[in-house]
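# Structural description and commentary
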Amino acid sequence: MTRLLQVVSSAALVALIFLCLAWELWLAPLRAGGSSLVFKALPLLLPLFGVLRGKRYTYQWSAMLILAYFTEGVVRAWSERGASQALALAEIVLSVVFFTCAIFYARCSRSLPRQDPSW
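Calculation criteria
Counting restarts for each chain: residues are numbered from 1 in the order of the written sequence. With the structure being a predicted model, the display of local features is reserved for residues of pLDDT at least 70 and the display and counting of side-chain atom pairs for 80 or more, all residues being used for whole-chain, interface and lining totals. Side-chain numbers here rest on the full set of heavy atoms in the structure, without hydrogens or water. Helix and strand definitions here come from DSSP, where helices need a minimum of 4 consecutive H or I residues and strands a minimum of 2 consecutive E residues; each element is numbered from the N-terminal end. Residue contacts are counted whenever heavy atoms from the two residues lie within 4.5 Å of one another. To estimate how far a helix should reach, multiply one less than its number of residues by 1.5 Å. A residue's bend is simply the angle between two axes: one fitted to the seven residues ending at it, one to the seven starting at it. When a residue's accessible area, from a 1.4 Å probe over protein chains only, is under 20% of the maximum for its type it is buried; when over 50% it is exposed; and in between it is partly exposed. Any pair of cysteine sulfurs within 2.5 Å is marked as a disulfide.

### Some words on the environment of Thr-2
- Its location among the elements puts Thr-2 in helix H1 (residues 2-27).
- As a C-alpha pair, Thr-2 and Ala-83 span 81 residues in sequence and 35 Å in three-dimensional space.
- Excluding its chain neighbours within four sequence positions, the residues that come into contact with Thr-2 are Tyr-105, Cys-108 and Ser-109.

Structure follows, in structure tokens:
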């Protein structure tokens, strides 16, 4: 189960990185030729290697980081129209998938305390 959660969360994180880059460079930038909002993809690179390696601590803190991308997606889905609105909805879906998988991965990968056999 943890392997599936790791694969799905890794795929969602990588897809979100590519979505952020494509959105602000080519698909629907705020300004023609690209937008400086492309730099919003940089914080997503911080947890990338820890997530790919299955580091439980990285999953814990990156679940909180991803909430900023969820919030941005909600705001832009509400305030924009056309391609930007569709891309914002994709950002919402990817951030929810990552958040859910990260929370369950952290829960499933925890080490349980040993039971004392003398009980």
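### Observations concerning helix H4 (residues 56-79)
- Taking 1.5 Å per residue, 24 residues should reach 34 Å; H4 reaches 35 Å between its end C-alpha atoms and fits that length.
- Of all the bends in H4, the largest measures some 30° and sits at Ala-63.
- Every buried residue of H4 is accounted for by Thr-58, Tyr-59, Ser-62, Ala-63, Ile-66, Tyr-69, Glu-72, Gly-73, Arg-76 and Ala-77.
- Of the surrounding secondary structure, the elements contacted by the buried residues of H4 are H1, helix H2 (42-45), helix H3 (48-52) and helix H5 (83-108).

### Quick word on the state of the cysteines
- One pass over the structure, following the stated rule, counts 0 disulfides.
- Unpaired in terms of disulfides, Cys-101 finds its nearest cysteine sulfur in Cys-108, a separation of 10 Å.
- Under the relative-accessibility criterion, Cys-108 is labelled partly exposed at 40%.

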